[in-house]
Amino acid sequence: MISRRAWLQSAIITAGGVATARVLVAQGQQTTPTGIVDTSNLFPMDQSAARSVRLPNKPAAAPAITVDERDALEHQIRCQCGCTLDVYTCRTTDFSCQVSPAMHRDIMALVRGGYTAPEILDAFVNVYGERALMAPPRTGFNLLGYVVPGIAIGIGAIVLAVVIRRWRGPGPVAGTGIESPIATADATPDELRRLETAVRDDS
């Protein structure tokens, strides 16, 4: 069985590695083999990845969503430059990207054309496929991606509770209030009660 200290050290190292990776991703500091710093998060930036997502304006077109709703919509659409960011975050943090501004212009045009948020999402999926979405739709096989993590967390919590309980060792002997040592001596509850009484009287 792994010791408590070893487990804590492993947890700290893992947490530190995740935190460092997140900082690097947020800052976009990925270095290519040639030593050039790439502004994308995980993959080489593809400035030609933008495709036209345009639809004819609806009759008597007027914006069907507000500016805040449009920004929320852009958080649901993935920038296609090779990063892992949504359109809104990429265009407001990575000013070297030419893809997210192009996608933003398409969204603006669709909003002016009277299209709703679901219709705009569908338009981007029709052009880019499901990779245009930050999160896959909760249908079919994609449901596993939403269900499995919750099950894994639940199982992990149960395992962790069992491990912690074993680390603590046995609880008090029933009716005595005395913590039972890991290696329990051969003693009856009556003998343990007499020992407790003797300890009290001696103190």
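Look a little higher up for the structure.
Here goes a summary of the coordinates provided. (Residues numbered from 1 in each chain as written. Predicted model: local features only at pLDDT ≥ 70, side-chain atom pairs only at ≥ 80, totals over all residues. Heavy atoms only, no water.)

### Observations concerning helix 5 (residues 117-128)
As a reminder of what qualifies: Only DSSP runs of H or I reaching four residues or more are called helices, and only runs of E reaching two or more are called strands; each is numbered from the N terminus. In this scheme, a helix's expected span is set at 1.5 Å multiplied by one less than its residue total. In this analysis, two residues are considered to be in contact whenever any of their non-hydrogen atoms come within 4.5 Å of each other.
Between its first and last C-alpha atoms helix 5 spans 16 Å; for twelve residues at 1.5 Å apiece the expected length is 16 Å, and the two agree. Those residues of helix 5 hidden inside the fold are in contact with helix 2 (67-74) and helix 4 (99-112).

### Here we look at the environment of Gly114
Which entries qualify depends on this criterion: Only protein chains enter the accessibility calculation, which uses a 1.4 Å probe; a residue whose area is less than 20% of its type maximum is buried, one above 50% is exposed, and one in between is partly exposed.
For Gly114, the position within the fold is in the loop between helix 4 and helix 5. Accessibility expressed as a relative area gives 9% for Gly114, which makes it buried. When neighbours within four sequence positions are excluded, Gly114 is seen to be in contact with Lys58, Ala61, Ala62, Ala64 and Glu119.

### A closer look at unusual backbone geometry
Not every positive phi belongs to a glycine, and Ala60 is a case in point at roughly 50 degrees. Position of Ala60 among the secondary structure elements: in the loop between strand 2 (37-38) and helix 2. Judged by relative accessible area, Ala60 falls into the exposed class, the value being 78%.

As far as function goes, none of this settles anything; it's purely spatial.
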